[in-house]
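# Structural features, examined
Okay, here's what each chain looks like letter by letter:
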Protein chains: 4
Amino acid sequence: MAGNTFGKLYRVTTFGESHGKAVGAIIDGCPSGIELTENDIQIYLNRRRPNSSELSTPRTEKDKVEILSGVFEGKTLGTPICAMVRNEDIGTSEYGVLKNIYRPGHADYTYEKKYGIRDYRSGGRSSGRETVGRVIGGAVAAKVLKERNIIVSARGNYDLSRLSNENGDIDFENINDSIGGIVECKVKGAPAGLGEPVFDKLDAELAKACMSIGAIKGVEIGVGFDVTNMTGSENNDEMAVGEKFLSNNAGGILGGISNGNDIIIRVAVKPTPTIAKKQKTIDVNGNETEVELKGRNDVCIVDRVVVVVESMVAMTILDYYLQNLKF
Amino acid sequence: MAGNTFGKLYRVTTFGESHGKAVGAIIDGCPSGIELTENDIQIYLNRRRPNSSELSTPRTEKDKVEILSGVFEGKTLGTPICAMVRNEDIGTSEYGVLKNIYRPGHADYTYEKKYGIRDYRSGGRSSGRETVGRVIGGAVAAKVLKERNIIVSARGNYDLSRLSNENGDIDFENINDSIGGIVECKVKGAPAGLGEPVFDKLDAELAKACMSIGAIKGVEIGVGFDVTNMTGSENNDEMAVGEKFLSNNAGGILGGISNGNDIIIRVAVKPTPTIAKKQKTIDVNGNETEVELKGRNDVCIVDRVVVVVESMVAMTILDYYLQNLKF
Amino acid sequence: MAGNTFGKLYRVTTFGESHGKAVGAIIDGCPSGIELTENDIQIYLNRRRPNSSELSTPRTEKDKVEILSGVFEGKTLGTPICAMVRNEDIGTSEYGVLKNIYRPGHADYTYEKKYGIRDYRSGGRSSGRETVGRVIGGAVAAKVLKERNIIVSARGNYDLSRLSNENGDIDFENINDSIGGIVECKVKGAPAGLGEPVFDKLDAELAKACMSIGAIKGVEIGVGFDVTNMTGSENNDEMAVGEKFLSNNAGGILGGISNGNDIIIRVAVKPTPTIAKKQKTIDVNGNETEVELKGRNDVCIVDRVVVVVESMVAMTILDYYLQNLKF
Amino acid sequence: MAGNTFGKLYRVTTFGESHGKAVGAIIDGCPSGIELTENDIQIYLNRRRPNSSELSTPRTEKDKVEILSGVFEGKTLGTPICAMVRNEDIGTSEYGVLKNIYRPGHADYTYEKKYGIRDYRSGGRSSGRETVGRVIGGAVAAKVLKERNIIVSARGNYDLSRLSNENGDIDFENINDSIGGIVECKVKGAPAGLGEPVFDKLDAELAKACMSIGAIKGVEIGVGFDVTNMTGSENNDEMAVGEKFLSNNAGGILGGISNGNDIIIRVAVKPTPTIAKKQKTIDVNGNETEVELKGRNDVCIVDRVVVVVESMVAMTILDYYLQNLKF
C-alpha cells in the first residue's frame, strides 16, 4: 500500500479516481521563491487533454486547475502545493456494464484481487485520468528546472497504417481497434553529476518513473536494446578535449550518473485496451462472457502520453538536482 | 546522496568498493524464523563469480560469505542480517594507469564530477563487484520466497558470432572487444495482487531494480517493445473460466499489479566497456589520450548478470509480497 | 524540504496555509473496504474548532470537510483519500501589521530565514490551522483502528489560577496573557508487538508524532521524567501469570515494542505565543520595535490540542499495526 | 519491520546482536572529501565503553573499529561507509538462565511476542551493545559537522545518594539496585533554518532520535515540561537588534526550525533494569518465577548514554543540514 508518492526531495503525491469528485496532487519540496501561476500548470494539462484529432476520446472536460496552497503573491512558499481539477464528465449510467466484468487488458481484475473493491466507473484510479496529478507535478517541476536552463521535451511516434483498409484509407468513425507507439524524451542542459548509485541511479529512477505510467511496457536509455547488437568498441562513447563525448550511445548516463550530454529515454506505449472489437472475458462471478466497448474511444494515446512522460522525467530530474546539492 | 538502499519493507543496503577491504550488505526487514545458512548465500555468490569459461575475467576470489548478525541457531531473528565478503585480489600496482584517465563507457568521469574524488582501482564502487551485496540480498529473498512457493529464475542469451574470425572460429586468447546480450527473468508462483499503484507499480519497481544494475540499458515487461507492432485486440490477454488468461502478453502485470500469471522481465546488457582495443579518451587534466585495457577481461558478462537480475527481481517480489499483507 | 508526510504504510500528507484557499490532507495506504463518511471526519474536526468557551479565539469557521477521492459507495477503495476544508475567515486587512515584524514565540523569523519568503497572514503554514490536515488523518486512522478494538483517547490538564486577579476571579475579556498545560493520551487495546527497533521504536515515533505538533515542547512515555527519581526495582514492571504486568511504569512499551498494556504518552503544551501584552521584537529590517497582539486570542489551547494529539497517536498506532502484519 | 535505518540524506543503518559476531553500521550519504580515520570513530567508541568507574559493568572489550568501505586515501568517497566492531566477550554459558525467562524491564517478552524468536544472550539486538552502531554513525556525523563549526556536546546528571546506606556511604560491591538520570545535550553553531515542517520538524526528529535510545523515557526541548508553569509572556523569547534573542526558552527551535540559538535537548534515562534484587516474573511457558541478575552490572548508565545522545543528535543535525542545502 501507499504507492502514490513519487520522489525523495521533490515529492508528488497524487489522488483521484476517474469519476470521483476531483483529481490532483500535493507537491512537497518545491523550492521557495519560484514564480508560479495556475496558467503554468494549465498549459501542461491542456496538452494532456483529449484533443480534437480523430485519435482521441471525446471526453471534453476543460480540466481547469485550481491551486489551493503553497503559492503566495505569485511565488512558491516552500510549503506543499496542492492543486486539483474537478471532474465534470462523470455521468455514470453508461458504466453499469463495467460493474460486473473484467475488461481485457485493463486493471479491473487485479484491482479486485488486490483491494477486494473497485471503482468500476471507467477504471477508477487505474484510469488514464490519474495522470492529471502527474502532469501537475511535472508542470511545476519543468518551471523550476527552467530556472537552471534544463529543458525536458518529448515526442511521439506511431504508425497508423495498420488501421487502414485495403485502399489505404482510415475510417476513423468505424475503427474498432487501437495501436501503440513510442515516446522519446530528451533532457537538455542537465549538468553532470545527477544520480545516486547504486540503487537510485538516474537511469533506474527514470525507468521507474516512465514504467509507472499506465500504458508503458518498456523503457530504454540511449541506444537501449540495440546495445545487444554492438561490440564494446562500437558502444563506448569516446571522449575528447573539452570533456566532450564523441557519441551518445549511453544516452547521457554513465554508472547511473548524468555525464552532461543530452539524456535520452525511449518508452513503448501499448495500444489502449479499450476497443470496440468483441473480446472474451469473465464476469465477477467467474463466468465466461464477451465484451465490446463501443463509443468513440482513443485509437492511439501516444500523443496524450507525451506530456505525461515529460512530466515524469521532469519530476525525476528535479528530484535528483536537489539531491545533488553540495555540502 | 544515499542511494544504496533498495526496498521499502525488505530493505537491502549494500557497501563496498572493488578493491576496498570488503563488500556486502545489511538486510533489514527479513521475516523472522526463516532457516538460513551461509551456504544459502554462497550458492548464489558462486553463480556470480567469474567462471572457468573463456568468457570471464580470471579474478579468482573465492568470495566466501560471512554472516555477522541477524541469524541465531540457524534461523533469522527479524533483526538486520549483515553479511560480507572480504576482498582478496586487491593488488593495486596494475591500477596506477587508471588513476589519471577516464575509461570510455565507464563511470570514472561521472564519479569524478559528482564526488570530486574516486577510488580509481577498477572502478571502485562502480565496479561490477558491487553486485556481491545485491546477490546477498537476493539469495536471502529467494530463500524466503521459496516458503511461499515463489520461484525466480533467469537465463542469458547472447551471440558470440560477432567475435569470430573469417573462419567462424573464436580466438579467446586474442579477443579485444566485447559483446552484450539479453537476460530474461521469470517469476513463477507469485499471487495476484502484488504492486502498489500508481507510482510504485510492480513493473515500475522491477524496471528500477533491473536498470540499477551497472550494465543494463533497457527493460521490458511481457511483449515489451513489440507492443508497438500490435493492435489492442492482439495485445489484450483475454480471460476464461477459472480466472485464467488465454495469453500472457502483459507479462503477468496489469495496472501495475500482478495478475497471477508468470511475471516476465527482459533486460538489455551492454557489452562490457573494458576492452583491449585502443580508444580515445581524456586524462584528468582534460588532455586527449588513448587507452588500451589489456589483460584478460570479460568478453561477455551476460552469464554473470543472470544471478544479479534474479537477485534484484527476488528482492522486489518479496518486498511487494510484504507490502501486500492484508489488514 | 519535503517534511509534510507522516507515516510509512499509513501515510498522511497535509497541505494548506492559514489564510490560503484550503487546508487538508491526502491519506495513502488506508486499508480498503472500511466504511467511511465525511461525518466520521467532521466529528473530529468539530473537536478541533475554537469552541464557545471563554478560552478560545472567536474564529468561527464551520470547517466543513469534503472528501474528494478514495471512497466509493461508502467504503474506502485502498486508493488515496483526499479530504479538505475550505478556509472562509480569510479577511486579511488586519494582518498587515504582521507583514513586517517577527512575533515573539512564533515561527515568523525562522520561516523567513529558511524559505526567504513567508505567508505572514496569521503564520501561514506555521499556524495551528495546519492541524486540520492532521485531524483528517487521525479521524480516519481512528475509524480503522476501531475495527480492531483499539481506542485512542486523550485529555487535557491546565491551571487557570495563574490568570486570576487578587480576588481569584478571571476576567476573560481582559486577559492579556496565556497559559499552557499537559495532554495525556492513552491507547487501549493495542496488541503486543507494535514497534520497529532499533530506530523506529514505537515510543520514538510517538515522540516524533507528538513533538511535531506546533506547541509541544516535551514528550514522555509511562512515568517519563519521574524515572529519574526511581530505582530499577521500583521502575521495572514485574510480571505474573497470564502474561500480566503488575504495574505500568513503562507506559506499555518495552524495547520500543508494545507489551499489550495501555500505552501512555504525556506532552507539554506551551502557552500560545499570541498575547496582548506588549513584547520586544524586531522588524524585517532588523530594527527594534514592540508588538501587542490585541483581539480575542486563545488563552489556553490545551483543549484544542487534545484531538490533535489523539490524531497523531492514532496515525502512529495504525501505521505500526500495518508494519506488524505477519509474513 | 525494517526500522534499523536513521535519517533521510545522512542515513545510518545499524546491525548486530550483543553476542553475535559483530556490531556496526553502514553510513550512506556522507559527503565526499571529508578526512576520516578509524581513530575518529574509536575516540567516540571509547567513550561508550564501560569505564573503570565503579558504576559500570566489567565487560572489557576493546571495541576496536574497522572501516570496511567508503574511505580511500584518508578521505570519504561519498559511497557507503561500513564500519564494525567484532564482539569478543561472547562466552554464552552464563546466559542459559535467560533462555527461559522474561527479565522485568527488559525487551525479552516483547521481542518474543513480535518475532516469535529471540537471541536471549544478554538481550541480543535489544542490548545496549546495539549503540555501537549509533556511535559509529554519530562520530562520523560529528566530524562532518565540525567542518561547519557545529559542535554537539552532552553531559549527564544523576544522584547516587539514593544508593547510599544510613552512613551516607555507597558500597559499590554490594549494590543490588540501579538509578537513572538526565542527559542534556547542546548544539552550538547550528545555523537558522534547519528543520522540515510540518511533520519532520527539527524538534520532532530530535525527539525521535533520542527516544529511540533504549533507556530513554522522556525528551524535552528548551524549558520543556516547565513550560506548563509559565505564561506566554514569560515563555516567549523576545528579540533585539542583531537578530538576537533575549532568552532561549525555546531551546533554539521555533516552528520546528532552528533559530540560530543553541539547541537544547534534555532526556530522561531510566535506571538500568538489570539488577541483583529478586523480582517476580514469568518463564516462557507462562509460569511465575523469580529472577536475580547477579554479577557486577551497571549501577548507572547515564555516563555511557552521554555519547549515544550526542551521536543521535549529531546525526540528526547533519541530516537536516543536508536537507537545507539551497536550490
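Every value quoted in this text rests on a predicted model; they were computed, and no experiment measured them. (Residues numbered from 1 in each chain as written. Chains lettered and ligands numbered in written order. Predicted model: local features only at pLDDT ≥ 70, side-chain atom pairs only at ≥ 80, totals over all residues. Heavy atoms only, no water.)

### Regarding empty space enclosed by the protein
If you add up the space inside the largest cavity, you get close to 1,400 Å³. In terms of lining, the largest cavity is formed by 50 residues, of which the most central are A:Lys8, A:Arg11, B:Arg11, C:Arg11 and D:Arg11. Its residues assigned to classes, the lining of the largest cavity comprises 12 nonpolar, 14 polar and 24 charged. (1 Å grid on protein atoms, 1.4 Å probe; cavity = no way out; pocket = protein on both sides within 12 Å on 5 of 7 lines; lining within 4 Å. Points joined across faces, edges and corners; volume = space filled by probe spheres on them. Nonpolar A, V, L, I, M, F, W, Y, C, P; charged D, E, K, R; others polar.)

### Quick notes on the relation of the copies chain D and chain C
Overlaying chain D with chain C gives an RMSD of 0.0 Å, the required rotation being 180° about an axis along which the chain moves by 0.0 Å. On the angle and the small slide along the axis, the relation comes out as a two-fold axis. A share of 100% of the interface residues of chain D reappears at the interface of chain C, consistent with the copies meeting face to face through the same patch. (Least-squares fit on C-alpha atoms with pLDDT ≥ 70 in both. Contact = heavy atoms within 4.5 Å.)

### Some points on the packing of aromatic side chains
Evaluation of the coordinates by the stated rule reveals 26 aromatic pairs over all chains. With a centroid separation of 5.6 Å and an interplanar angle of 50°, the aromatic rings of C:Phe199 and D:Phe6 are classed as tilted. With C:Phe199 in the loop between strand 9 (181-188) and helix 4 (202-211) and D:Phe6 in strand 1 (residues 5-6), this pair bridges two chains. Judged by its relative accessible area of 0%, C:Phe199 is buried. Here D:Phe6 falls in the buried class, since its relative accessible area comes to 2%. A connected cluster of aromatic rings, assembled from ring pairs, spans A:Tyr102, A:Tyr109 and B:Phe245. The ring of B:Phe327 is capped by C:Arg148, whose NZ or CZ atom sits 3.9 Å from the centre of that ring. Lying across the ring of D:Tyr115, D:Lys114 places its NZ or CZ 5.8 Å from the centre. (Phe/Tyr/Trp six-rings, centres within 6.5 Å; stacked < 30°, edge-to-face > 60°. Helix = DSSP H or I, 4+ residues; strand = E, 2+ residues; numbered from the N terminus. Buried < 20%, exposed > 50% of the residue type's maximum accessible area, 1.4 Å probe, protein only. Lys NZ or Arg CZ within 6 Å of the ring centre and 35° of its normal.)

### Looking at the packing of helix 1 (residues 38-48) of chain C against helix 6 (residues 302-323) of chain C
Residue and element names in this part refer to chain C. Where helix 1 meets helix 6, the closest approach of the two axes is 7 Å, and the angle between their N-to-C directions is 140°. Between helix 1 and helix 6, the interaxial angle falls into the category oblique. Contacts between helix 1 and helix 6 involve Tyr-44, Arg-47 and Arg-48 on the former and, on the latter, Arg-304, Val-306, Val-307, Val-308, Glu-310 and Ser-311. Looking at the contact of helix 1 with helix 6, its residues break down into 4 nonpolar, 1 polar and 4 charged. (Axes fitted to C-alpha atoms, helices over the stretch in contact; angles between N-to-C directions. Parallel < 35°, antiparallel > 145°, perpendicular 65-115°, else oblique.)

### A word on helix 3 (residues 131-146) of chain B
Its 16 residues place the ends of helix 3 of chain B 22 Å apart at the C-alpha level, agreeing with the 22 Å of an ideal helix rising 1.5 Å per residue. Here helix 3 of chain B lies mainly inside the structure; 14 of its 16 residues are buried. (Expected span 1.5 Å × (residues − 1).)

### Regarding the interface of chain D and chain C
The partner chain C presents 104 residues to the 102 residues of chain D that form the contact. Carbon and sulfur atoms supply 57% of the area buried between chain D and chain C, which totals about 8,200 Å² over both sides. Between the two partners, chain D and chain C, sit 10 salt bridges. Among the salt bridges present, the one from C:Arg162 reaches D:Glu234, with a minimum N-O distance of 3.1 Å. If you look at where chain D meets chain C, you find 63 residue pairs in polar contact (both at pLDDT 80 or more). Tallied by class, residues from the side of chain D that touches chain C come to 43 nonpolar, 32 polar and 27 charged. In terms of strand pairing, strand 10 (residues 216-221) of chain C meets strand 10 (residues 216-221) of chain D through 3 bridges, oriented antiparallel. The residue of strand 10 of chain D that forms the bridge with C:Glu220 is D:Gly218. (Buried area = accessible area lost by both parts, 1.4 Å probe. Salt bridge = Lys/Arg side-chain N within 4 Å of Asp/Glu carboxyl O. Polar contact = N/O pair within 3.5 Å; in protein donor to acceptor, adjacent residues only side chain to side chain. Pairing = 2+ DSSP bridges.)

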